[in-house]
Amino acid sequence: MADQTHVLFVEDDDVIREATQLALERDGFAVTAMPDGLSGLEAFRADRPDIALLDVMVPGLDGVSLCRRIRDESTVPVIMLSARADSIDVVLGLEAGADDYVTKPFDGAVLVARIRAVLRRFGHASGGDRMDDSAAPAAGGGLLTFGELEIDTEGMEVRRAGETVALTPTEMRLLLEFSSAPGTVLSRDKLLERVWDYGWGGDTRVVDVHVQRLRTKIGQDRIETVRGFGYKLKA
């Protein structure tokens with residue numbers, strides 16, 4: 001298992017859980033599959049997987065609550081699984097700290113592609129606790145300053161008014177993308193392509209929720225919404 005990517009998969013439907021586990025194992029992943037949120041949390045703490053796939057509606061501890069518990073302890077990437085694309089559960093999962101979501105029923109190849117896209121930008125060798133520096137957008141190196149916000153692009157650290165700001169790898173990548181072109185409007189589609197590695201159309205709610213999460217950490221007025229176009233970092 002040491003050389004394999006370890007996936008924690010929490011799903012209460014026996015058929016979906018077993019079929020998905022087999023499909024992921026055929027693609028070379030090591031999978032720990034759990035039927036409920038509490039056992040999923042125990043498995044996460046015991047095994048420290050490289051990525052977590054969490055169904056929203058699982059018993060004991062629902063997927064959104066489980067995501068929050070995981071995010072309190074780790075920056076490991078999390079993908080939520082939701083039965084409805086228009087469900088409020090999608091937004092709740094992203095707000096809880098998930099990095100992406102996949103709608104059920106899903107094609108196995110699509111799920112694998114999304115997992116690999118997340119792992120490419122995170123770097124899975126350390127269980128998702130570091131970012132893949134080779135994939136990070138170039139931000140000029142050194143220390144960038146925007147008002148009270150400081151971004152150390154070499155040490156991958158952010159400070160606001162001298163206080164360290166804890167960002168997930170996805171939030172850091174998003175901030176690096178903005179800081180590489182301050183004052184430039186970046187569309188949601190462009191951010192999906194650059195930050196989430198989507199080579200296809202994606203749900204822009206992923207971008208919107210992450211921007212809002214980032215704003216709460218670096219300052220609500222630091223990232224400006226340009227209606228009809230996207231977002232920009234105030235220089």
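Structure first, text after, so check above.
None of the values given here were measured: they were computed from a predicted structure.

Definitions and limits used
- Residues numbered from 1 in each chain as written.
- Predicted model: local features only at pLDDT ≥ 70, side-chain atom pairs only at ≥ 80, totals over all residues.
- Heavy atoms only, no water.
- Pairing = 2+ DSSP bridges.
- Helix = DSSP H or I, 4+ residues; strand = E, 2+ residues; numbered from the N terminus.
- Salt bridge = Lys/Arg side-chain N within 4 Å of Asp/Glu carboxyl O.
- Buried < 20%, exposed > 50% of the residue type's maximum accessible area, 1.4 Å probe, protein only.
- Axes fitted to C-alpha atoms, helices over the stretch in contact; angles between N-to-C directions.
- Contact = heavy atoms within 4.5 Å.
- Polar contact = N/O pair within 3.5 Å; in protein donor to acceptor, adjacent residues only side chain to side chain.
- Parallel < 35°, antiparallel > 145°, perpendicular 65-115°, else oblique.
- Left-handed = near helix turned anticlockwise from the far one by under 90°.
- Nonpolar A, V, L, I, M, F, W, Y, C, P; charged D, E, K, R; others polar.
- Expected span 1.5 Å × (residues − 1).

Student: Break down the pairing of strand S11 (residues 230–233) for me, with residues and values.
Tutor: Taken together, the four bridges between strand S10 (residues 223–226) and S11 define a ladder with antiparallel strand orientation. Paired with Ile223 across the strands is Leu233, a residue of S11. Where S10 folds back onto S11 in an antiparallel hairpin, the turn is made up of three residues, including Gly228, whose phi is positive at roughly 85 degrees.

Student: Which residues make up the pattern of salt bridges, and what values do they have?
Tutor: Summed over the entire model, instances satisfying the criterion amount to 17 salt bridges. Arg160 is the salt-bridge partner of Glu148, the closest N and O atoms lying 3.0 Å from each other. In this pair, Glu148 is assigned in the loop between strand S6 (143–146) and strand S7 (149–152) and Arg160 in strand S8 (residues 157–160), connecting sequence segments 12 residues apart. By relative accessible area, Glu148 is classed as partly exposed at 42%.

Student: So what's going on with the sheet that holds strand S2 (residues 30–34)? Residues and values would help.
Tutor: Strands sit in the order S2-S1-S3-S4-S5 across an open sheet of five strands; the sheet is parallel. Strand pairing shows two members of the sheet lacking a second neighbour, S2 and strand S5 (100–103), which therefore form its edges. Strand-to-strand twist in this sheet, taken as the mean axis angle between neighbours without regard to direction, amounts to 20 degrees. Bridging between strand S3 (residues 51–55) and strand S4 (residues 78–82) involves four bridges; their strand directions are parallel. Paired with Leu54 across the two strands is Met80, which belongs to S4. Packing of helix H1 (residues 14–26) onto the sheet brings it into contact with strand S1 (6–10), S2 and S3, and relative to S2 it is tilted by some 170 degrees.

Student: Help me get a handle on the environment of Asp99, residues and values and all.
Tutor: Locating Asp99 in the fold gives a position in the loop between helix H4 (88–95) and S5. Here Asp99 falls in the buried class, since its relative accessible area comes to 0%. Look past the residues within four positions of Asp99 in its chain and what remains in contact with it is Arg71, Val76, Pro77, Val78, Leu94, Arg121, Phe122, Thr170, Trp196, Val206 and His210. One polar contact links Asp99 to Thr170, side chain to side chain, over a distance of 2.7 Å.

Student: Can you break down the sheet that holds S6 residue by residue, with the values?
Tutor: The antiparallel open sheet is built from four strands, whose spatial order is S6-S7-S8-S9. A strand with exactly one partner marks an edge of an open sheet, and here the two such strands are S6 and strand S9 (163–165). Across the sheet, the mean angle separating the axes of adjacent strands is 25 degrees when strand polarity is ignored. Direction of pairing for S8 relative to S9: antiparallel, over a ladder of three bridges. Opposite Arg159, over in S9, you have Thr164 as the bridge partner. Across the sheet, helix H6 (residues 169–179) touches S6, S7 and S8, and the angle it forms with S7 is around 105 degrees.

Student: An account of the packing of H6 against helix H7 (residues 188–195) is needed here, citing residue identities and associated values.
Tutor: With their axes 10 Å apart at the nearest point, H6 and H7 run at an angle of 120 degrees to one another. As summarised for this structure, H6 and H7 are arranged oblique, according to the angle between their axes. Crossing of H6 against H7: the hand is right-handed. Residue-level inspection shows Thr170, Arg173, Leu174, Glu177 and Phe178 of H6 in contact with H7, the latter providing Leu191, Arg194 and Val195. Class assignment for the residues of the contact of H6 with H7 results in four nonpolar, one polar and three charged.

Student: For helix H5 (residues 108–122), give the residues involved together with the corresponding values.
Tutor: Between its terminal C-alpha atoms H5 stretches 21 Å, which fits the 21 Å expected from 15 residues at 1.5 Å a residue. Here H5 starts with a cap whose side-chain oxygen sits 2.8 Å from the backbone nitrogen of Ala109, and that cap is Asp107.

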